[in-house]
Amino acid sequence: MSQVASTPLRAAACQRTTAPVAPRQAFAAVPAGRQHQAAAQKRLLCRAAAEPDAAAPAGKGMPVVKPSLMSPAWQDVVDLKKEGTTIETSIKAANKSGVQVQVGKLTGFLPYKLLDPTRLPQRKPDGGLPPVPARGYQELVGRPVKVKVTQVIVPEKRLIVSEKAVLLEELANIVAVGDVIEGVIGNITDFGAFVECLSLRGQPCPRAEAVLPLREISYAWVANASEVLTPGQAVKVVVTWHQTEPTSKVVVSLKRLEDDPLQETLDKVLPLNEDVSMELDAVPAAVPAGIEEILEALAGQPGVESVTLGRTVQEKRTVSQDLELWITKEEVEYGFNLAVRAGRVVQEVRVATGMSADEMRSAVQRVLRSIN
């Protein structure tokens, strides 16, 4: 009842507020800073009077409709980025920084660094890229290209697309953990480097960029990837992790194709043709003092007849500062060969004994407990 009765009143108010008013009188009735707001409120009242069904329910304010800040064309590219859609288009212009492509009703920018490397001149012998011509690579204009939207900034009208993102998605879908990839070092960053992939399992593959983390470059400490890697350097890496959703990514390792120093057997670190042996009381100066303690403990074990030193090497990298002792797989005629590692030094120890393998392992464990 109240809603029906209010309609004529609102209409009357609309008529009264729209009656001619002298300019000075209107200025006095409404403060200058609120004239626009008051006019908007009057228009809402008139609309509510003309369309009572659209009026807000009793007890609630007028409905607020937020205007869209983006045109439909920009909303489309935002959706394309969110969904990771691959767009088939063509290059319509080129300049010194990159090329322009059509994305819906908008023009997207594709930097040269995000193009498939096969479209551009190859790296120079020193690993650097050749300079871009003043007018860019005009020969690319008109060529088809598949891209993904990687950056959208509506207020700046910035739309960036990438062809490498499509290549990375293709690579991530065909690789498996343990696959070996051959490629070259691309950009070097604070967190590692990118590897431009050339072949997978010996076959050509998408020229995508895999991530080589700093910790996966070498077993030795590397503070900066540029210390051991250079752009354009040929490398062979192994896939350690990959994903396709929500964004594609392939992670590789350089060091895992090498032997882990902690897992190396004595035969790999000591030359087998070197036959050097000395008695326990003639320890050379090159053997760290910590190894002497292990030798004395071994000589004191029940069933051990003699302990002599064998081959000694110094590795190129420091693996651990802790003393390590283990039985090697090398077969000997009477007894066992042990290896003691202290920092970079690996020392062969020959133990003459009639003990079984289990008894020898127990003796080694007792020695380790005694020195710790």
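### Quick look at the sheet that holds strand β13 (residues 323-327)
At step 1: On the basis of which strands lie adjacent, the open sheet formed by four strands has the order β12-β15-β14-β13 and antiparallel pairing. Here the strands that pair on one side only, and so sit at the sheet edges, are β12 (304-314) and β13. For this sheet, the mean angle separating the axes of adjacent strands, direction not counted, is 20°.
At step 2: Where β12 lies against strand β15 (residues 345-353), eight bridges are found, and the strand directions are antiparallel. Within β15, the position partnered with L309 by the bridge is V349.
At step 3: Against the sheet, helix α8 (residues 357-371) contacts β13, β14 (336-342) and β15, and its axis sits at roughly 170° relative to β13.

### Some remarks on the packing of aromatic side chains
At step 1: Taken as a whole and assessed by the stated rule, the structure comprises two aromatic pairs.
At step 2: For the pair Y112 and Y137, a centre-to-centre distance of 5.1 Å together with 85° between the ring planes defines the contact as edge-to-face. Taken together, the positions of Y112 in the loop between β3 (106-111) and β4 (144-153) and Y137 in the loop between β3 and β4 put the pair 25 residues apart, joining distant regions of the chain. The exposure classification of Y112 matches that of Y137, with both residues buried.
At step 3: Seen in terms of ring centroids, F191 and F194 are 6.0 Å apart; in terms of plane orientation they differ by 85°. Their pairing is edge-to-face.

### Here we look at the pairing of strand β9 (residues 209-213)
At step 1: Burial within β9 is extensive, with five of its five residues counted as buried.
At step 2: Side-chain alternation along β9 places E209, V211 and P213 on one buried face and A210 and L212 on a second face that is also buried.
At step 3: As defined by bridge partners, strand β7 (residues 192-200) adjoins β9 across five bridges and the pair is classed as antiparallel. From the neighbouring strand, A193 faces β9, where its bridge partner is L212.

### Quick look at the confidence of the model for the chain
At step 1: Residues with a pLDDT of 70 or more make up 68% of the chain, whose mean pLDDT is 77.
At step 2: Note that residues 21-30 has pLDDT below 50 and, in this model, five contacts with residues that lie over four places away or in other chains.
At step 3: Ignoring residues within four places in sequence, the model shows residues 269-285, a span with pLDDT below 50, making 33 contacts including any to other chains.

### Concerning the nonpolar core
At step 1: Counting residues in hydrophobic clusters, the biggest one holds 24 residues, and the most contacted among them are I181, L212, L229, V250 and V252.
At step 2: Among the secondary structure elements, those contributing two or more residues to this core are α5 (164-174), β6 (180-189), β7, β9, β10 (234-243) and β11 (249-253).
At step 3: Not counting the four nearest positions on each side in its chain, L229 is found in contact with I185, I188, A193, L212, I217 and L254.
At step 4: Membership of the second largest hydrophobic core comes to 22 residues, among which are W74, V77, I91 and V103.

### A short note on unusual backbone geometry
The phi torsion of most residues other than glycine is negative, and most of the peptide bonds are trans.
At step 1: Along the chain, E245 connects to P246 via a cis peptide bond; the corresponding omega equals -5°.
At step 2: In this structure, P246 sits in the loop between β10 and β11.
At step 3: One non-glycine residue, K157, lies in positive phi territory at about 55°.
At step 4: When you line up the elements, K157 lands in the loop between β4 and β5 (158-162).

### Focus on the pattern of salt bridges
At step 1: Summed over the entire model, instances satisfying the criterion amount to 10 salt bridges.
At step 2: Where E163 meets R119, a salt bridge forms, and the shortest distance between an N and an O atom there is 3.0 Å. Of the two residues, E163 is situated in the loop between β5 and α5 and R119 in the loop between β3 and β4; the sequence distance between them amounts to 44 residues.
At step 3: Look at E163 and you get buried, because its relative accessible area is 7%.
At step 4: The class for R119 is partly exposed, based on a relative accessible area of 22%.
At step 5: Here D358 and R361 are joined by a salt bridge, their closest N and O atoms 2.1 Å apart. Separated by three residues within a single helix, D358 and R361 lie in helix α8, roughly one turn from each other.

### Points about the side chain of K164
At step 1: Within the secondary structure layout, K164 lies in helix α5.
At step 2: Relative accessible area serves as the criterion here: at 12%, K164 is assigned to the buried category.
At step 3: Among all residues touching K164, those that are not within four sequence positions of it are K113, L114, L115, P117 and E209.

### What to know about the environment of Q347
At step 1: With respect to the helices and strands, the residue Q347 is situated in strand β15.
At step 2: Look at Q347 and you get buried, because its relative accessible area is 0%.
At step 3: Expressed as a C-alpha distance, the spacing of Q347 and Q314, which sit 33 residues apart in the sequence, is 8.9 Å.
At step 4: Looking at Q347, its side chain comes within polar contact range of the main-chain oxygen of G310, at 3.4 Å.

### Section: the environment of K255
At step 1: Within the secondary structure, K255 is located in the loop between β11 and α6 (266-269).
At step 2: Assessed through its relative accessible area of 16%, K255 is described here as buried.
At step 3: Separated by 35 residues in the primary sequence, K255 and A220 place their C-alpha atoms 9.3 Å from one another.
At step 4: Apart from residues no more than four positions distant in its own chain, K255 is found in contact with R215, E216, I217, S218 and Y219.

### Some remarks on the state of the cysteines
At step 1: Counted according to the given criterion, the structure contains zero disulfides.
At step 2: In this structure C197 is not part of a disulfide, and its nearest cysteine sulfur, from C205, lies 5.2 Å away.
At step 3: Taking relative accessible area as the criterion, C205 reaches 11% and is therefore assigned buried.

What counts as what
Residues numbered from 1 in each chain as written. Predicted model: local features only at pLDDT ≥ 70, side-chain atom pairs only at ≥ 80, totals over all residues. Heavy atoms only, no water. Pairing = 2+ DSSP bridges. Helix = DSSP H or I, 4+ residues; strand = E, 2+ residues; numbered from the N terminus. Axes fitted to C-alpha atoms, helices over the stretch in contact; angles between N-to-C directions. Contact = heavy atoms within 4.5 Å. Phe/Tyr/Trp six-rings, centres within 6.5 Å; stacked < 30°, edge-to-face > 60°. Buried < 20%, exposed > 50% of the residue type's maximum accessible area, 1.4 Å probe, protein only. pLDDT = per-residue confidence, 0-100. Core = buried A, V, L, I, M, F, W, Y, C linked by side-chain atoms within 4.5 Å. Salt bridge = Lys/Arg side-chain N within 4 Å of Asp/Glu carboxyl O. Polar contact = N/O pair within 3.5 Å; in protein donor to acceptor, adjacent residues only side chain to side chain. Disulfide = S-S within 2.5 Å.

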